[in-house]
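If you want the building blocks of each chain, they are given just below.
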Amino acid sequence: MTRRPRFTDLATRLPASVPFVGPEAQERRRGRPFAARLGANELVFGPSPRAIAAMESAAAEAWKYGDPESHELRHAIAARLGVAPGTIMVGEGIDGLLGYLVRLFVAPGDAVVTSHGAYPTFNYHVAGYGGHLHGVPYRDDREDPQALLERARETGAKLIYLANPDNPMGTWHGAESIAEMIAGVPDGCLLILDEAYVEFAPAGTAPPIDTDTPHVIRMRTFSKAHGLAGMRVGYAIGHPELISAFNKVRNHFGMSRLSQAAALASLADTAHLAETIARVAGARDRLAEIAAENGLAALPSATNFVAMDCGRDGAFAASVLDGLLARDVFVRMPFVAPQDRCIRVSCGPDADLDRFATALPEALKSAR
């Protein structure tokens, strides 16, 4: 007799998949590394030297668990934002926090609203708890706040997800539009405002933080502008009762000592952050120039990547992407039409952008 464990009915129905195929997996299949890693929206320029020094110092104490309350980091973030520490929750990147949040709110069959083609990891978590996703299309390559609200009212949704600035398109809404959306959230619904790229955005993108508002939670990260994607540090900002609820479900030892030390040091290095933002802006301009030189249109971006319109459909963009991968340049593309007519290229140092500039015309030629 074969003895088998018994999965839940939900787990049995779910596919064994991940939202993204990592560049490492692609490199293993290819049998060689990429020469330019410009597909994962990482900060290729790297973290603050202070953060590196803090990690080196903390490594000797890696035998200790990390502070389960992330006390110093939470207080430092709160002081920077001008809010109370009880309105901040630190977690294993925004991805980890999204998982906890979905666990808190979504039971099998519950309605959740997002945009078609928006950040797929959120969808992954919703599916993992049996939620029912309702999507609305992008409008002019931007997420559509009013359409999201309308669908939430129609479905009785418990959660709405909106990224501002957006991934994968790099577009954004101004603070006034976001404030209007917050005011329109239906009773019993929570707006998840993913602000992973907000440091790169123009002034006036993010509305003022109001932690007295119980129906919105804002999420930010050290993965992008701080260059600590491998350390997995994100944080949520919200009403104290909502933030406290994370303690019911979170992994209390999920944050390592090295991660907390790195984030704390990076937060204090404001000069390096300003320099990074300037370097990203310069790289965005260069990517726009490369796109124009090849007859492509670069979408305006408030992130550390640029979406380039390849001018045809998703099949053509996929062929361009394959041509770039074959030439050792790792990039990605949106998943859903019509946004999948684009490729998405992360900002990086000159050497990486030079390699992309050389590979792109060859990839376009082979795709045509």
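See the structure above.
On a predicted model such as this, the values are computed, not experimentally measured, just so you know.

Peer 1: Sorry, what's going on with the nonpolar core here?
Peer 2: A general tendency of soluble globular proteins is for nonpolar side chains to be buried together. Judged by nonpolar contacts, the single largest core of 71 residues is most densely connected at I217, V320, L324, I343 and F356. By residue number, the principal contributor to this core is helix 13 (residues 350-367), which donates seven residues. With near-sequence residues (within four places) excluded, I343 lies in contact with V306, A307, M308, C310, A317, V320, L321, L324, R332, M333, F356 and L360.

Peer 1: Just to check I follow, could you spell out the sheet that holds strand 7 (residues 216-221) for this structure?
Peer 2: In a beta sheet, neighbouring strands pair by backbone hydrogen bonds and run either parallel or antiparallel. A sheet is described by the order of its strands in space; here seven strands give the open sequence 2-8-7-6-5-3-4, paired in mixed fashion. Of all strands in the sheet, those with a lone pairing partner are strand 2 (88-91) and strand 4 (132-136), marking the two edges. On average, each strand axis in the sheet is inclined to that of its neighbour by 20°, with strand direction left out of account. Sheet topology places strand 6 (residues 190-194) next to strand 7; four bridges connect them, and they run parallel. Each bridged residue has a counterpart across the sheet, and for I192 the counterpart in strand 7 is I217. Here helix 6 (residues 120-128) sits on the sheet in contact with strand 3 (111-115), strand 4, strand 5 (159-163) and strand 6, set at roughly 165° to strand 3.

Peer 1: Mind showing me how you'd approach unusual backbone geometry here?
Peer 2: Comment: phi is negative for the bulk of residues other than glycine, and the bulk of peptide bonds are trans. Following N164, the chain continues into P165 via a peptide bond in cis, with omega recorded as 0°. That bond from A337 to P338 is cis: its omega, 0°, falls within 30 degrees of zero. Summarising the element assignment, P338 is placed in the loop between strand 11 (329-330) and strand 12 (342-346). One non-glycine residue with positive phi stands out, namely D140, at about 55°. Take D140: it is sitting in the loop between strand 4 and helix 7 (145-155).

Peer 1: So what exactly am I meant to see when it comes to the pattern of salt bridges here?
Peer 2: For side chains of opposite charge, pairing can occur when their charged atoms come near one another. Taken as a whole, this structure holds 16 salt bridges when the rule is applied. Taking the shortest distance from any N to any O, the salt bridge between D328 and R30 comes out at 2.6 Å. With D328 in the loop between helix 12 (314-326) and strand 11 and R30 in helix 2 (residues 23-30), the pair connects residues that are 298 residues apart, well separated along the chain. A salt bridge links D269 to R50, with the shortest nitrogen-to-oxygen separation between them at 3.9 Å. Highlighted residues: D269 in the loop between helix 10 (257-268) and helix 11 (270-293) and R50 in helix 3 (residues 49-59), separated in sequence by 219 residues. Assessed through its relative accessible area of 8%, D269 is described here as buried. A cluster of three or more residues bridged by salt bridges with shared partners is formed by E24, R37 and E42.

Peer 1: When you look at the packing of aromatic side chains in this model, what are you seeing that I'm missing?
Peer 2: A ring pair, where both rings are aromatic, is described by two values, the distance of the centres and the angle of the planes. Following the criterion strictly, the structure yields five aromatic pairs and no others. Between the aromatic rings of F122 and Y161, the centroid separation amounts to 4.8 Å while the plane-to-plane angle is 20°, which identifies the pairing as stacked. Taken together, the residues F122 in helix 6 and Y161 in strand 5 connect sequence positions 39 residues apart. For the ring pair F222 and Y235, a centre distance of 5.8 Å and an interplane angle of 55° mean the geometry is tilted. In this pair, F222 is assigned in the loop between strand 7 and strand 8 (234-237) and Y235 in strand 8, connecting sequence segments 13 residues apart. The cationic tip of R312 hangs over the ring face of F316; the distance from NZ or CZ to the ring centre is 4.3 Å. Positioned above the aromatic ring of F305 is the side chain of R344, whose terminal nitrogen or guanidinium carbon lies 5.5 Å from the ring centre.

Peer 1: How do you make sense of the packing of helix 3 against helix 10 when you look at a structure like this?
Peer 2: Helix-helix packing is characterised by the crossing angle of the two axes and by the distance between the axes. The geometry of helix 3 relative to helix 10 is characterised by a closest axis approach of 8 Å and an angle of 150° between their N-to-C directions. Considering their axes alone, helix 3 and helix 10 lie roughly antiparallel with respect to each other. Here helix 3 and helix 10 pass one another in a crossing that is right-handed. Of the residues in helix 10, those touching helix 3 at R50, A51, A54, M55, A58 and A59 are R257, L258, A261, A262, A265, S266 and A268.

Peer 1: What's the story with the environment of P19 in this structure? I'm lost.
Peer 2: The topology assignment puts P19 in the loop between helix 1 (9-13) and helix 2. Once residues lying within four places of it in the same chain are set aside, the contact partners of P19 are P120, T121, Y124 and F335.

Peer 1: What is the right way to look at the state of the cysteines in this model?
Peer 2: Two cysteines, two sulfur atoms, one covalent bond between them: this is a disulfide. Scanning the model with the defined rule gives zero disulfides in all. Sulfur of C342: no disulfide; nearest cysteine sulfur belongs to C310 and is 6.8 Å away. Taking relative accessible area as the criterion, C342 reaches 0% and is therefore assigned buried.

Peer 1: What's the story with the sheet that holds strand 12 in this structure? I'm lost.
Peer 2: Pairing is antiparallel in the open sheet, where three strands are placed in the order 9-10-12. Each edge of the open sheet is held by one strand with a lone partner, namely strand 9 (297-298) and strand 12. As judged from the five bridges shared by strand 10 (residues 305-309) and strand 12, these two strands associate in the antiparallel manner. In the strand pairing of strand 12, M308 is matched with I343. Across the sheet, helix 11 touches strand 9, strand 10 and strand 12, and the angle it forms with strand 10 is around 15°.

Peer 1: When you look at the side chain of R344 in this model, what are you seeing that I'm missing?
Peer 2: With respect to the helices and strands, R344 occurs in strand 12. For the buried R344, no salt bridge exists, and the shortest N-O distance to an oppositely charged side chain is 8.7 Å, to D166. Only 2.6 Å separates the side chain of R344 from the backbone oxygen of G39, close enough to count as a polar contact. At a separation of 2.9 Å, a polar atom in the side chain of R344 contacts the side chain of N167. Sequence-distant contacts of R344, defined by excluding residues within four places in its chain, comprise L38, G39, A40, N41, N167, P168, F305, V306, A307, V331, R332 and M333.

Criteria and cut-off values
Residues numbered from 1 in each chain as written. Predicted model: local features only at pLDDT ≥ 70, side-chain atom pairs only at ≥ 80, totals over all residues. Heavy atoms only, no water. Core = buried A, V, L, I, M, F, W, Y, C linked by side-chain atoms within 4.5 Å. Buried < 20%, exposed > 50% of the residue type's maximum accessible area, 1.4 Å probe, protein only. Helix = DSSP H or I, 4+ residues; strand = E, 2+ residues; numbered from the N terminus. Contact = heavy atoms within 4.5 Å. Pairing = 2+ DSSP bridges. Axes fitted to C-alpha atoms, helices over the stretch in contact; angles between N-to-C directions. Salt bridge = Lys/Arg side-chain N within 4 Å of Asp/Glu carboxyl O. Phe/Tyr/Trp six-rings, centres within 6.5 Å; stacked < 30°, edge-to-face > 60°. Lys NZ or Arg CZ within 6 Å of the ring centre and 35° of its normal. Parallel < 35°, antiparallel > 145°, perpendicular 65-115°, else oblique. Left-handed = near helix turned anticlockwise from the far one by under 90°. Disulfide = S-S within 2.5 Å. Lys, Arg positive; Asp, Glu negative; His and termini not counted. Polar contact = N/O pair within 3.5 Å; in protein donor to acceptor, adjacent residues only side chain to side chain.

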